[in-house]
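Residues per chain are reported as follows:
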Amino acid sequence: QVQLVESGGGLVQAGGSLRLSCAASGLTFSAYAMGWFRQTPGKAREFVATISWNGDSTFYSDSVKGRFTISRDNAQNTMYLQMNSLKPDDTAVYYCAAADRALWLTTHLYEYHDWGQGTQVTVSS
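Nothing here was measured: the structure is a model prediction, and the numbers come from that model.

Trainee: Would you explain the state of the cysteines in this entry?
Mentor: Disulfide: a covalent bond formed between the sulfur atoms of two cysteine residues. This structure, assessed with the given rule, holds one disulfide. In this model C22 forms its disulfide with C96; the gap between the sulfur atoms is 2.1 Å. With the S-S bond torsion at 60 degrees, the cross-link from C22 to C96 turns out right-handed. Note that C22 is positioned in strand β3 (residues 18-25) and C96 in strand β9 (residues 92-99), a separation of 74 residues in sequence.

Trainee: Help me understand the packing of aromatic side chains in this model?
Mentor: Per the counting criterion, the structure on display carries six aromatic pairs. For the ring pair F37 and F47, a centre distance of 5.8 Å and an interplane angle of 75 degrees mean the geometry is edge-to-face. Highlighted residues: F37 in strand β4 (residues 34-39) and F47 in strand β5 (residues 46-51), separated in sequence by 10 residues. A single burial state applies to F37 and to F47, both of which are buried. Ring centres of W53 and W104 lie 6.5 Å apart, and the angle between their planes is 75 degrees; on these two criteria the pair is classed as edge-to-face. Remark: W104 occurs in the loop between β9 and β10 (112-115) and W53 occurs in the loop between β5 and β6 (58-60); sequence separation between them is 51 residues. W53 gets classed as partly exposed once you look at its relative accessible area, which sits at 38%. Assessed through its relative accessible area of 40%, W104 is described here as partly exposed. Linked through ring pairs, F37, F47, F59, Y112 and W115 together constitute an aromatic cluster. Geometry around W115 places R45 over its ring, the cationic atom sitting 4.9 Å from the centre.

Trainee: When you look at the pattern of salt bridges in this model, what are you seeing that I'm missing?
Mentor: Between side chains of opposite charge, a pair can form as their charged atoms come close. The tally for this structure, following the rule as stated, stands at four salt bridges. Of the charged contacts, one joins K65 and D62 as a salt bridge, the two residues approaching to 3.2 Å between their closest N and O atoms. Here the salt bridges do not stand alone but share partners, grouping R38, E46, R67 and D90 into one network.

Trainee: Mind showing me how you'd approach the pairing of β9 here?
Mentor: Working note: regular strand, side chains alternate between the two faces of the sheet. A large share of β9 lies buried, amounting to seven of its eight residues. Across six bridges, β4 lies against β9 in antiparallel orientation. Within the sheet, the bridge partner assigned to F37 lies in β9 and is Y95. Pairing of β9 with strand β11 (residues 119-124), which is carried by three bridges, proceeds in the antiparallel orientation. Counterpart to A92 in the pairing with β11 is V121. Pairing geometry for β9 and β10, over three bridges, is antiparallel. When the bridges of β10 are listed, A98 appears paired with D114.

Conventions adopted
Residues numbered from 1 in each chain as written. Predicted model: local features only at pLDDT ≥ 70, side-chain atom pairs only at ≥ 80, totals over all residues. Heavy atoms only, no water. Disulfide = S-S within 2.5 Å. Helix = DSSP H or I, 4+ residues; strand = E, 2+ residues; numbered from the N terminus. Phe/Tyr/Trp six-rings, centres within 6.5 Å; stacked < 30°, edge-to-face > 60°. Buried < 20%, exposed > 50% of the residue type's maximum accessible area, 1.4 Å probe, protein only. Lys NZ or Arg CZ within 6 Å of the ring centre and 35° of its normal. Salt bridge = Lys/Arg side-chain N within 4 Å of Asp/Glu carboxyl O. Pairing = 2+ DSSP bridges.

Written out as structure tokens, the structure is:
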């Protein structure tokens, strides 16, 4: 059974930093592209960042480019999202997800087949 467990969320002031982690089990982690998404109440879940299975390629939404960094450690079956220069608009529940096998990178929510339970990030102004 696939399990993705996010951690590292919390309350931070605008301009601050947080690092989210996503611990994976029950799948061959190194075989899958991974992604981060976020969601606020009443809005659709939106793409944040994605990383290829080997970590060589990454892609970001325009709203986080230059501030967030996605990375992974396949030896530890863990993915990370370093979030710097946080803004109140970054407030959301952040989810990690594993993409369909054989995909290199994808921003499409429907191409992710396993999801974590989410971790709350709140940025105060």
